[in-house]
Each structure stands twice: as structure tokens, then as C-alpha cells.
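What follows is the residue order along each chain.
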Amino acid sequence: MSRLQSKLHECTKCKDSATSLIRIVNSEVEIDQLIGGTRGTDYIFVYDGGSFINVRYLNGCRVIAREQWGRKRYKETYRISRDTLDGKLILHISYSNKGYLLSRVCIIENNVVKCCDCPPIERDDEFIMQIASLFKPLGKEAELLKLYLDLVPRLSREILDTVERSGARGISFAGKAERFKETMYSPGLSLFTTMSLITEGGRVKSLLVKISHIVELAIIARIVKAMDGVSLKDKWWIEFVWNTPLTILKSKITGKEYSIFYQPSVLPPIIKTIEPSAPAHMIPDVVVFEGKFENIEPGRLHKLLESGNRPLLAVEVKTGLKFVKWEQSDYIINQVKTYKELLNPKNFALVSLRGIDPLLKANLKSLGIAVFENITDENVQKEFENYVLKAITVIS
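Since the model is a prediction, treat every value here as computed from it, not as a measurement.

## Describing the overall build of the protein chain
Tallying secondary structure elements over the protein chain gives 13 helices and 18 strands in all. C-alpha atoms of the protein chain, sized along the principal axes, occupy 80 × 45 × 40 Å. Buried residues in the protein chain amount to 54% of all 396 residues. Of the contacts formed within the protein chain by residues at least 6 apart in sequence, a portion of 64% connects residues at least 24 apart. Working note: accessible area of the protein chain is about 18700 Å², and carbon and sulfur atoms make up 49% of it. For the protein chain, the separation between the mean place of its 56 positive charges and that of its 47 negative charges on side chains is 2 Å.

## Some points on the pattern of salt bridges
Here the structure, examined in full by the defined rule, presents 22 salt bridges. Residue Arg-165 pairs with Asp-161 through a salt bridge whose shortest N-O separation is 2.8 Å. With Arg-165 and Asp-161 both in helix H5 (residues 141-165) and 4 residues apart, this pair spans about one turn of that helix. By relative accessible area, which is 68% here, Arg-165 ends up exposed. Of the charged contacts, one joins Asp-234 and Arg-169 as a salt bridge, the two residues approaching to 2.6 Å between their closest N and O atoms. With a gap of 65 residues between them, Asp-234 in the loop between strand S11 (229-231) and strand S12 (236-238) and Arg-169 in the loop between H5 and strand S10 (171-173) connect regions that are remote in the sequence.

## Here's the deal with the side chain of Thr-247
When you line up the elements, Thr-247 lands in strand S13 (residues 247-251). Among the polar contacts listed, one links the side chain of Thr-247 to the side chain of Ser-231, at a separation of 3.5 Å.

## Things to note about the side chain of Gln-263
Along the chain, Gln-263 falls in the loop between strand S14 (257-262) and helix H9 (270-274). Gln-263 gets classed as buried once you look at its relative accessible area, which sits at 13%. Of the polar contacts made by the side chain of Gln-263, one reaches the side chain of Glu-216; its length is 3.3 Å. Gln-263 has contacts with His-213, Glu-216, Phe-240, Val-241, Ile-283, Pro-284 and Asp-285, leaving out every residue within four places of it along the chain.

So, how was this worked out
- Per chain, residue numbering runs from 1 following the sequence as it is written.
- In keeping with the model being predicted, local features are shown solely for residues with a pLDDT of at least 70 and side-chain atom pairs are shown and tallied solely at 80 or more, while totals for entire chains, interfaces and linings include all residues.
- Calculated side-chain values reflect all of the structure's heavy atoms, with hydrogen atoms and water omitted.
- Secondary structure elements are defined from DSSP: runs of H or I of at least 4 residues count as helices, runs of E of at least 2 residues count as strands, and each element is numbered from the N terminus.
- Here's how the labels work: a residue is buried when its accessible area is under 20% of the maximum for its type, exposed when over 50%, partly exposed in between, all with a 1.4 Å probe on protein chains only.
- Contacts are assigned to residue pairs with any non-hydrogen atoms lying within 4.5 Å of each other.
- All accessible areas in this document rest on Shrake-Rupley with a 1.4 Å probe, and a residue is counted as covered only by the protein chains that are shown.
- Under the counting rule used here, the positive set is Lys and Arg, the negative set is Asp and Glu, and His together with the chain ends is not counted.
- Think of each charge as sitting on NZ of Lys, CZ of Arg, CG of Asp or CD of Glu.
- Salt bridge criterion: a side-chain nitrogen from Lys or Arg within 4 Å of a carboxyl oxygen from Asp or Glu.
- Each polar contact in these results corresponds to two N or O atoms within 3.5 Å; when the atoms are within protein, one needs to be able to donate a hydrogen and the other to accept it, and residues that are neighboring in sequence are counted only if both atoms are side-chain atoms.

Written out as C-alpha cells, the structure is:
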């Protein structure tokens, strides 16, 4: 028995606890799952053959009932032979309506279902990362799972180290960015949340979003490092499209102040509805202005441009993972052309986690866009930092 299994078995030693979701019916076990994301849902996974497998995918499991629960959730009821589950570790993963996690470890022994709370799953991020890495992939998310494990814990530490070195006390998250806080501060819990989803598409989408945001913020950390920046705000602030600068800092190199915006909204989204010919791309990844700018209304970043404040630097960040349309070459070219026209930055770079198609790279360079691919390579990181350093020190 592995250390992980031993630790989970320890959780089953509570005095007496059960769950209504798992019931013994003669020679079978009947199990309910409430499915639909990570709010107000319940999932059941079984440790079998070295992996955690959702009950619906176990051999011999059959669906006996399916019932819609509201607009986004549904309940499935299954039957499976008791012998299949007898003595095996069972994870009951429950999410409150607000998305808070409650994990229980269950076991069926002597014709009795016993379930106990398991605090280590929620409190020990390294432990929960180990569990999450053992969820059996359903398909294409296998590649992304490996990438997450290799990349996200390390980059999150590097980002937080940069935040601390800049003099800020941490990162605050608001609005739709609140779920990103979990990825930044508890990457194990964040991965567990993703792998508890029971569809390939749900896992792929979730992993892509989390990996993308971490890479984007890692690029901002590189910009701050290149500037040798000191944060003038108590905390970094992330609230997508809300146009509050992520941070305002003072460079020890130039002595000047800079405002860094993360996924700001250049124009109001309603413009596209009213005027179909309006730009489709209005939320660049990173925009840096020389000077101190605060309280820019959502969808009004263009007001800075109209008042003569041309961005010092714009950076579009890509993963190089071809799972979604915004990683396709034609989409990228249209995107950067739009940002170049809307923002007219003095310096414009595209940074990619992985390698870039040679033709796309040539087309980007023909548009005057600097390209940095395989950004986790130390030499490429130094090249990017030198590019930023040149951007803030060369008089244009």
C-alpha cells in the first residue's frame, strides 16, 4: 500500500459516518452523482488499478436513472456489483453552491458503507496534488495534465516571489478572476477541482484556462523583473476587463513610474453588438503605459490613447497548444493586427510557451512584432527581459 493510500485509509477511521449518495441494495451498490461543474455538485471516484476513476466509467456500472436538476445540473443514479467496490477507497467530492470543497473518503466493508471527512485533502496542497495527478485521464486532457504538473506549481512560486520582491504584500482577485486565486496560491487544489470534472471537454477547457493565466502572469513577472520594479500599490490586483491596473511600479533603472494592465478592455463590448464591423478583439493580455494611471472605466482604455498616452509595450501571450481557435495562426494574425491598430504600442511582442509555426512567426515579424517562443527556456527569458529593458530605456 502506498503512502497516499495509507493516508486516505487513515481518514476512514472515524467512529461512524455514512452518506445517502452510496447505498447497498442486495448484492449491488447504488450511487448518486449530482453533475454540472463545481457548484452545488457531488462526484464519486473509486481508486482502482492505481487511478481514481469516476464511478460512471467503471466496468459493469450502469445508469438506472437520470433527472434534470435546474438549468445546469442533473442527477445520475448507478448500480454496480458490490464485489467491484468492496474494500476499495472511494472519494466523495462535494461542492457547495458557492464552490467550496468538502471531501470525504468512503469504504465498503462487511456490508456497511462508511464515509469520513478527510481534512488533509483540503489543507495539504502537496497531498491533494498527488491525488489529482492520479485521476485517470479521459482523453486529450492527459497532455495538459502533464503540462500543468510540470509548469504551474513552479511558475506560481516564481510569480509570488516576484510580487514579494517588488514590495507588494500579495495578489488580490476580484470578479471572474477569483477562481484564479486558487490556481495561484493552491495549485494542487486547483488541479483537483479540474480533475474532479467527469467529462474530457470540461477538463480540457479548465486546464487550458488555468495554464494560460499562469503563463500570462509569469510574463508580467518577467516584465517587472526586467524593470527592477518597486510596486507603488500595496497589492497586485487582478480583475479581468475592469481596467484597474494590475500594479503601478517605479523602475529602479529609469526612476520612472509605469502602469501595467492585465487583460484590460480597450472598447465597450456593446460596440460589437451595435456595430458589427467593430473590432472583434478588444481585450489584450498585457499593456504597459509610462506614467501612473488609475480608475480607468471598463471598456474605456481607448480614452488613454485618445488623450495622447501611447502604450510603451503590449504583449500577447500564447501557449502554443492547438486546442482552441485563439491558438490558430489566422486568429492570431487578426488579433495582433487589431491590437496594433487600436493600441499603436511603441513596442509589441508575442510570447509563446511552446514553439511557433515558422510561417506564423515570419508573418508576425513582418508586422513589426517581436516573437519569443519556448519562453520557459532561460536564454529566451533573458532575451525577453533585454527586450523590455530596451523598451523602457531607449528614447523613441
